[in-house]
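So the chains spell out like this:
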Amino acid sequence: MPEWTREQEIAIQDAGGALLVSASAGSGKTAVLVERALRLIAGPDPVDADRLLILTFSNAAAAELRSRLGLKLEECIRSQPADLKLRRQQMLLQRASISTVSAFCMQLLREHFSSLDIPPDFAVADDAAVYELRQSVLAEVLEEAYQKPDFAAFASIFGRARSD
């Protein structure tokens, strides 16, 4: 069992519900989150593993969290093989929401598209589409702005050597 810093121990034991863990690379964020989640699902008053929501910023971090939590849960099962609750938690862990922030948001949009008045086949724009959209909007905004004499005067004074 690792030696936790005071701050890590506070994060692990905090019972307030939602928790944001933010620290530099290599500081033990993943270990802290794994320990916190393990205590939540394997502790004396367990929370079903599929009720967890753990969000990260990269797919690799999400996969690492899920993997490490699964391994820790396996260790608990090996030490307490008759505990059926732990085995159930192991199955529920497969359905836990451990993902990136963007993947979670996409899931919410897909599940609730009708409430949001967006089409069910919406898609996230790729970089090329975003670039084209930005260029189109910029051209439209500038064309509208040049219709105003004050903007035209401003642009002629400050933009003599440059194009839009």
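Shown above is the structure to which this text applies.
Residues numbered from 1 in each chain as written. Predicted model: local features only at pLDDT ≥ 70, side-chain atom pairs only at ≥ 80, totals over all residues. Heavy atoms only, no water.

Caption draft 1: Highlighting the overall build of the chain. On a plain count of helices and strands, the chain comes out with seven helices and two strands. Written out in order from the N terminus, the α and β elements of the chain read α-α-β-α-α-β-α-α-α. Taking 2.2 N^0.38 as the reference for a compact globule, 164 residues should give roughly 15 Å; the C-alpha atoms of the chain span a radius of gyration of 25 Å, well beyond that estimate. By its C-alpha atoms, the chain is 80 × 40 × 25 Å across when sized along the principal axes. (Helix = DSSP H or I, 4+ residues; strand = E, 2+ residues; numbered from the N terminus. Rg over C-alpha atoms; globule rule 2.2 N^0.38 Å.)

Caption draft 2: Quick peek at the nonpolar core. Formed by 18 residues in total, the largest nonpolar core has its most connected members in Ile-41, Leu-52, Ile-54, Leu-69, Leu-73, Leu-93 and Ile-98. Among the elements of the structure, helix 2 (29-42), helix 3 (59-79) and helix 4 (84-93) are those that each provide at least two residues to this core. (Core = buried A, V, L, I, M, F, W, Y, C linked by side-chain atoms within 4.5 Å. Buried < 20%, exposed > 50% of the residue type's maximum accessible area, 1.4 Å probe, protein only.)

Caption draft 3: Spotlight on the packing of aromatic side chains. If you walk through the whole model with that rule in mind, you get three aromatic pairs. Residues Tyr-146 and Phe-151 carry aromatic rings whose centres are separated by 5.1 Å and whose planes lie at 75° to one another, so their mutual orientation is edge-to-face. You can call Tyr-146 partly exposed: its relative accessible area is 34%. Here Phe-151 falls in the partly exposed class, since its relative accessible area comes to 26%. Summarising the aromatic geometry, the rings of Phe-151 and Phe-154 are spaced 6.2 Å apart at their centres and angled 45° between planes, so their arrangement reads as tilted. Highlighted residues: Phe-151 and Phe-154, both in helix 7 (residues 149-158), separated by three residues, approximately one helical turn. The class for Phe-154 is partly exposed, based on a relative accessible area of 45%. Taken together, the aromatic side chains of Tyr-146, Phe-151, Phe-154 and Phe-158 make up a single cluster linked through ring pairs. Above the plane of the ring of Phe-122 lies Arg-110, whose end atom (NZ or CZ) is 4.8 Å from the centre. (Phe/Tyr/Trp six-rings, centres within 6.5 Å; stacked < 30°, edge-to-face > 60°. Lys NZ or Arg CZ within 6 Å of the ring centre and 35° of its normal.)

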